[in-house]
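# Chain and residue survey
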Amino acid sequence: MCGITAYRGPTAAAGRARVALERLEYRGYDSAGIAARRADGTSLHVRTVDGVASLSGPLEARGMDATTAAIGHTRWATHGGVTEQNAHPIEDCSGRLFVVHNGIIENADVLRADLLAAGHRFATEVDSEVIVHLLEQALRPGRGLGDALAEAVRPLEGSWAIVALDTRSGALAGTAHGSPLIYADAGDGMYLASDVGAVAPMIDDFRVLEDDDVVQLDGDGLRWHRADGSSRPRGRWPVPQTALLASTGRHRDHMGNEIDEQPAVARRVIDALAPGISDGRLWRGLGLPPLDGIDHVAVLGCGTSLNAGRAIAGAFGRLGAMPTRSLIASEAGHEVWEPRTLVIAISQSGETADILRALERLPRDGGPVLALTNNASSSLARRADAVIDCLAGPEIGVAATKTFIAQVLTGVCVALSGLSTTGRVDPNLFASELRALTATPDALAAALETWRPTMTALASDFSRASGFLFLGRGGGLVYAAEGALKLKELSYRWAEHQPAGELKHGPLALVDAGTPVFVIDDGDPRLEVDIAEVTARGGRVVRIGERVLRVGGLPLHLPRRGPSWGPLETVVPLQMFARELALRLHRDVDKPRNLAKSVTVS
Ligand code: M6R
């Protein structure tokens, strides 16, 4: 979502903050800005709606090399339009203080009215501006910036990660509440950032600000105030592999490379986790209670992570016959929770505000929470009872691809390991699930090779189609959902998924001559009727994952039962189609409009 960087050191602070900001730009890219203090005590303030790279020229022209403290921000708009005026850093009435903010201030309107009445002048439409004026009020003579920031945030409601710069003293101060912020010492300077990825190449380890911690970085070094009154920060975290940016490989975009990496990612997950399945070692190693002591499973996620959760739910439900629900995190507050429920919270970033909020609202006497994430130091990981890293490696494209594969496989390994010692599953069936699991990397590789030319051709055929349907049944439905999500996210065309049996109850009215209808074929014979209903109306069916032979012109279904998590490899051609269509329509496939990689507002 929005990204924050800050640096304090001997020289070129604005340049350091800008370079770090560039590494965060894929997370939110509506506008960007830098504010800095020059060694002579003057300030520098540059903002743009043209991307972080365009900050370089103006920064150089205005004496970037002589700066000793700087803050930077890349914005994903919530309140106020995408304009230079609304870009952060935001300044106070005097031009002395600057603030960058991630999150949402829910009571900004009330605070703004009070501050206006007190004589403050507002220059933007954004909720964040109240923070800098509250700080202006709190920074009384003789008081440190950190103490002033602690007072300034007291009336705020909502979520925030904030870094403030005092251009008079050159001090920086940061605080967080429900939004991530980290501190790192690079040896030749100190950084604050909303994501370790911003500064990963410059540091060996980092510390995380817990909710309501306040840090001050000034000429005396670092001062840390914890919410409980202590001044000792919690332990250091090593820089995770996911924080290091990946290359685009042979593609011009990260997404293309990330799709191609999926067989290797699948192999990595299976090599690491599968040895702990049959004897339940993987499950026990997570510190979870035996599955026999759990009555219900609830998987929680948003977007693609929710779809991954739905696939994982298949392993607990279809295979283990456990009552299992998959829940949209932003709606989970309306749920009634049964006791002894295992909650599996799934998020590649581990910073999704909807997930974190859902966890806050779980009943205190409920069951354990397992975090399944690609970021083991994330807020989600730190709040869960148990954590499993999905080992996807860095994913830069906003559209989740390899993290989806990694999440599904990691969750399935955990589920199978938990079920292995319960006696709930027939041993022959269990063995066939294990075989399907270990065959996944090859199935993904085959899907890549088989479907690539077809998807390129289809993207050309369907480039003028205004809407798309994705159909599936049972275990195939989740992949239909994922295909529709990828397509709308990347191409900006309407796409919806439906259980194929529902077609005749309404959605069939959408089908006309030439309407593209993707069918995820998991071998369910009833799909033949669904497909016939579409073709009878002129719809163009693209069947993915076909398990049907034609004998004398008649369909003969192969008697093959797919695994409990459904035909995972079918997602590959759907990802490829979405990307190919988007490229044909000249969309930025790595940074689709209006979206962000890490959604830190709820
Ligand atoms: O970081 P998370 O996995 O929690 O993100 C959840 C969704 O925002 C995310 O999966 C989103 O739907 C993807 N960009 C879709 O490709």
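What this report covers is the structure whose coordinates are included nearby. Treat the numbers as computed from the prediction; the structure is a model and nothing was measured.

Now for the overall build of the protein chain. The secondary structure content of the protein chain amounts to 17 helices and 25 strands. Taken against the 2.2 N^0.38 rule, which gives 25 Å for 602 residues, the C-alpha radius of gyration of the protein chain at 26 Å falls within 12% of a compact globule. Taking the principal axes of the C-alpha coordinates as reference, the protein chain spans close to 90 × 55 × 45 Å. Buried residues in the protein chain amount to 59% of all 602 residues. For the protein chain, the proportion of contacts with a sequence separation of at least 24, taken over those separated by at least 6, is 73%. For the protein chain, the computed accessible surface area is about 23000 Å², with 50% contributed by carbon and sulfur atoms. Charge centroids of the protein chain, computed over 62 positive and 72 negative side chains, lie 2 Å from each other.

This part covers the environment of glutamate 125. Tracing the backbone shows glutamate 125 in the loop between helix H3 (108–117) and helix H4 (129–138). What makes glutamate 125 exposed here is its relative accessible area of 52%. It is 9.8 Å that separates the C-alpha atoms of glutamate 125 and threonine 83, two residues lying 42 residues apart in sequence. The contacts of glutamate 125, once residues within four sequence positions are left out, are His79, Gly80, Gly81, Asn86 and Arg112. In this structure the side chain of glutamate 125 is engaged in a polar contact, spanning 3.3 Å, whose partner is the backbone nitrogen of glycine 81. At 2.7 Å, the side chain of glutamate 125 and the side chain of asparagine 86 are in polar contact.

So, about the pairing of strand S11 (residues 205–208). Examined bridge by bridge, strand S9 (residues 182–185) and S11 share two bridges and lie antiparallel to one another. When the bridges of S11 are listed, tyrosine 183 appears paired with arginine 207. Relative to strand S14 (residues 237–238), S11 runs antiparallel, the two sharing two bridges. Within S14, the position partnered with phenylalanine 206 by the bridge is tryptophan 237.

With that out of the way, let us pick up the nonpolar core. By size, the foremost hydrophobic cluster in this structure holds 84 residues, and its most contacted members are Phe468, Tyr479 and Phe577. With eleven residues, helix H12 (residues 402–420) is the single largest residue contributor to this core. The residues that make up this core include at least three from each of domain 2 (243–438) and domain 3 (444–589). Those residues in contact with phenylalanine 577, other than ones at most four positions away along the chain, are Met455, Leu458, Ala459, Phe462, Phe468, Leu487 and Phe518. Core analysis: the second largest hydrophobic core is formed by 29 residues, Leu21, Ala184, Val199 and Val208 among them.

With that settled, consider the site of the ligand. Around the ligand lies a shell of 14 residues, among which Ser305, Ser347, Ser349, Thr352 and Glu489 are the nearest. Within the contact set of the ligand, an oxygen atom lies 2.6 Å away from a side-chain nitrogen or oxygen of glutamate 489. Out of a free accessible area of 410 Å², the ligand has 91% covered by protein chains. Among the elements of the structure, helix H9 (303–319) and helix H15 (477–491) are those that each provide at least two residues to the shell around the ligand. The element contributing the most residues to the shell around the ligand is H9, with three residues. Tallied by class, residues from the shell around the ligand come to five nonpolar, seven polar and two charged.

Turning our attention to the sheet that holds strand S20 (residues 467–472). If you walk across this open sheet you meet the four strands as S21-S20-S22-S23, and the pairing is parallel. The open sheet is flanked by strand S21 (494–499) and strand S23 (540–544), the only strands paired with a single partner. The mean inter-strand angle of the sheet, taken between neighbouring strand axes irrespective of direction, is 20°. Bridge analysis of S20 against S21 gives six bridges, and the strand direction is parallel. Within the sheet, the bridge partner assigned to phenylalanine 468 lies in S21 and is alanine 495.

On to the side chain of serine 31, then. Structurally, serine 31 is set in strand S2 (residues 31–38). Exposure remark for serine 31: the relative accessible area of 3% places this residue in the buried category. Ignoring sequence-local partners within four residues, the contact set of serine 31 consists of Thr48, Val49, His73, Thr74, Arg75 and Ala87.

Before going further, it helps to spend a moment on unusual backbone geometry. Following histidine 88, the chain continues to proline 89 via a peptide bond in cis, the omega torsion being -5°. Positionally, proline 89 belongs in the loop between strand S4 (67–75) and strand S5 (90–91). The phi angle at alanine 12 is positive, at roughly 50°, despite the residue not being glycine. Mapped onto the fold, alanine 12 is located in the loop between strand S1 (3–8) and helix H1 (13–24). Backbone geometry at arginine 340 places phi at a positive 55°, although glycine is not the residue there. On the basis of relative accessible area, arginine 340 is assigned to the partly exposed category, the value being 42%.

Its location among the elements puts glutamate 258 in helix H6 (residues 254–260). One buried charged residue, glutamate 258, remains without a salt bridge, the closest side chain of opposite sign being lysine 402 at 5.4 Å. Within the local environment of glutamate 258, its side chain forms a polar contact with the backbone nitrogen of glycine 397, the two atoms lying 3.2 Å apart.

Reading the values: the criteria
Residues numbered from 1 in each chain as written. Predicted model: local features only at pLDDT ≥ 70, side-chain atom pairs only at ≥ 80, totals over all residues. Heavy atoms only, no water. Helix = DSSP H or I, 4+ residues; strand = E, 2+ residues; numbered from the N terminus. Rg over C-alpha atoms; globule rule 2.2 N^0.38 Å. Buried < 20%, exposed > 50% of the residue type's maximum accessible area, 1.4 Å probe, protein only. Contact = heavy atoms within 4.5 Å. Areas by Shrake-Rupley, 256 points an atom, 1.4 Å probe, with all protein chains shown as cover. Lys, Arg positive; Asp, Glu negative; His and termini not counted. Charge placed at Lys NZ, Arg CZ, Asp CG, Glu CD. Polar contact = N/O pair within 3.5 Å; in protein donor to acceptor, adjacent residues only side chain to side chain. Pairing = 2+ DSSP bridges. Core = buried A, V, L, I, M, F, W, Y, C linked by side-chain atoms within 4.5 Å. Domains from an automatic or database assignment. Near = heavy atom within 4 Å. Nonpolar A, V, L, I, M, F, W, Y, C, P; charged D, E, K, R; others polar. Axes fitted to C-alpha atoms, helices over the stretch in contact; angles between N-to-C directions. Salt bridge = Lys/Arg side-chain N within 4 Å of Asp/Glu carboxyl O.

Purely geometric numbers; function is a separate question.
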